[in-house]
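Single-letter residue listing:
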Amino acid sequence: MDWHEWHDAYDSPDSYLSRRLALIQERLRVALDTAPPGPLTAISLCAGQGRDLIGVLTEHPRGPEVRARLVELDERNVTYAKQAARAADLPNVEVVAGDASLTDHYAELAPADLVLACGLLGNISDADVERVLDHCTALCRTGGTLVWTRSRDIAPDLVPQVCAWLEERGFERLWVSDPSIPQSVGAHRFTGEPRKLPTGTRMFDFIGYDVLRQT
């Protein structure tokens, strides 16, 4: 899978990626609108080109208050995201080229006010989905918001289980897109006490939805 070319669908307003992006950005705006006053932190796992978070921070009044770290493996996507952040005059948005599964990338900002796992949960095994969500109890601060995505057309539909796993771990469901939308988007608020993020730990193995659909 060419993950740089994959992003081209965002340029079509009728694509499923554009429709999903609109839902993600809506949840991010709500999270920023309801966050406590003062500086905020955000982290994005497998951030791609950063169109979701950078697109919101560009126009949101609280954008300059957010210190963000986006982690992405594809160098071309990293370049795109860096250029977008620079064009939007967001010097506090850092884009890191690296393996997004490694906890060490997030240690400086975790626990964060805003955590994005968008485009990740549909590209890893179900066991790793649960493992990532478990790590979110260290990535997300008390009262922070986790915004996530998972396609419902990967059998079986894991969205209800994702919600259950999160709620078992102290996340309160804020919003989940209607089941009729194949590319599901959700937002959960962490109500628990964040645990310490372990160092030197791999949270998941990225497989790719194209491979998962063949298994």
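As a reminder, the structure under discussion sits directly above these lines.
How each quantity is defined
Counting starts from 1 at the beginning of each chain's written sequence and moves along it residue by residue. At least 70 in pLDDT is required for a residue's local features to be given in this predicted model, at least 80 for side-chain atom pairs to be given and counted, and no such filter applies to totals for whole chains, interfaces and linings, which use all residues. The side-chain figures draw on all heavy atoms in the structure; neither hydrogens nor water molecules are used. We count a stretch as a helix when DSSP gives it H or I for four or more residues in a row; a strand needs E for two or more, and each element gets its number in order from the N terminus. Remark: exposure states derive from per-residue accessible area (1.4 Å probe, protein chains only) relative to the maximum for the residue type, with buried under 20%, exposed over 50%, and partly exposed in between. Between two residues, a contact is recorded if the distance between any of their heavy atoms is within 4.5 Å. Only the protein chains shown count as cover for residues, and all accessible areas are computed by the Shrake-Rupley method using a 1.4 Å probe. We count Lys and Arg on the positive side and Asp and Glu on the negative side, and we leave His and both chain ends out. Every charge is mapped onto a representative atom, which is NZ of Lys, CZ of Arg, CG of Asp or CD of Glu. Two strands are counted as paired when DSSP detects at least two bridges linking them. Where helices are involved, their axes are fitted lines through C-alpha atoms of the stretch in contact, as for all axes, and angles between N-to-C directions lie from 0 to 180°. In these notes, a set of buried Ala, Val, Leu, Ile, Met, Phe, Trp, Tyr and Cys residues joined through side-chain atoms within 4.5 Å is what counts as a nonpolar core. By convention, a crossover is right-handed whenever its connection, traced from the first strand over the helix to the second and viewed with the strands pointing away, goes clockwise. Polar contact is defined as a pair of N or O atoms within 3.5 Å, subject to the rule that within protein one atom must be able to donate a hydrogen and the other to accept it, and that residues adjacent in sequence are counted only when both atoms are side-chain atoms. To estimate how far a helix should reach, multiply one less than its number of residues by 1.5 Å. By definition, the arc is the one covered by directions from the helix axis to the C-beta atoms.

### Comments concerning the overall build of the protein
Thought 1: Looking only at helices and strands, one finds six helices and seven strands in the protein.
Thought 2: For the protein, the sequential pattern of α-helices and β-strands runs α-β-α-β-α-β-β-α-β-α-β-β-α.
Thought 3: Seen along its three principal axes, the alpha-carbon backbone of the protein occupies a region of about 45 × 40 × 35 Å.
Thought 4: Scored against the burial criterion, the 215 residues of the protein give a buried share of 53%.
Thought 5: Considering only contacts in the protein between residues 6 or more positions apart, those separated by 24 or more positions represent 80%.
Thought 6: Split by element, the accessible area of the protein, about 9500 Å² in all, is 51% carbon and sulfur.
Thought 7: Computing the positive centroid from 22 side-chain charges and the negative centroid from 32, the protein places the two 3 Å apart.

### A word on the sheet that holds strand β2 (residues 66–72)
Two strands in a sheet stick together by hydrogen bonds in their backbones, pointing the same way (parallel) or opposite ways (antiparallel).
Thought 1: An order of β3-β2-β1-β4-β5-β7-β6 is seen for the seven strands of this open sheet, with the pairing classed as mixed. Strands at the two margins of the open sheet, each flanked by one partner only, are β3 (93–97) and β6 (171–176). With strand direction ignored, the average angle separating the axes of adjacent strands in the sheet is 15 degrees.
Thought 2: Sheet strands touched by helix α1 (residues 16–34): β1 (40–45), β2, β4 (112–117), β5 (140–151), β6 and β7 (183–190). Its angle to β7, the strand with the most contacts, is close to 15 degrees.

### Observations concerning the nonpolar core
Thought 1: Counting 35 residues, the largest nonpolar core has Y106, L120, L121, L139, W148 and F204 as its most contacted members.
Thought 2: Where this core is concerned, the elements lending two or more residues are β1, β4, α4 (126–139), β5 and α5 (159–168).
Thought 3: With six residues, the top contributor of residues to this core is α4.
Thought 4: Apart from residues lying up to four places away in sequence, L120 is in contact with L45, C46, V132, F204 and F206.

### A few points about the environment of L102
Thought 1: Along the chain, L102 falls in the loop between β3 and β4.
Thought 2: The exposure class of L102 is partly exposed, given its relative accessible area of 31%.
Thought 3: Residues L102 and V71 lie 31 residues apart in sequence; the distance between their C-alpha atoms is 9.7 Å.
Thought 4: The contact partners of L102, leaving out residues within four places of it in the chain, are T201, R202 and M203.

### Focus on the pairing of β2
Thought 1: Counting buried positions along β2 gives six out of seven residues, so the element sits mostly inside the fold.
Thought 2: Looking at chain direction, β1 and β2 are connected through six bridges and run parallel. By the bridge assignment for β2, S44 is matched with L70.
Thought 3: Handedness of the crossover joining β1 and β2 through helix α2 (residues 51–59) is recorded here as right-handed.

### Overview of the side chain of S101
Thought 1: Relative to the helices and strands, S101 is located in the loop between β3 and β4.
Thought 2: For S101, a relative accessible area of 0% gives the class buried.
Thought 3: In this structure the side chain of S101 is engaged in a polar contact, spanning 2.8 Å, whose partner is the side chain of D99.
Thought 4: When residues no more than four places from it in sequence are discounted, the contact partners of S101 are T201, R202, M203 and F204.

### Here we look at helix α3 (residues 75–87)
Thought 1: An ideal rise of 1.5 Å per residue puts 18 Å on 13 residues; α3 measures up with 18 Å between its terminal C-alpha atoms.
Thought 2: Within α3, burial applies to N77, V78, A81 and A85. Down the axis of α3, the sector holding all buried residues measures 100 degrees, keeping them to one side. Opposite the buried face of α3, by more than 90 degrees, sit the exposed residues E75, R86 and A87.
Thought 3: Check the buried side of α3 and you find it contacts α2, β2 and β3.
Thought 4: At the N-terminal boundary of α3, the capping side chain belongs to D74, with an oxygen 2.9 Å from the backbone nitrogen of R76.
Thought 5: Of the residues one or two after α3, D89 is the one with positive phi, at around 55 degrees.

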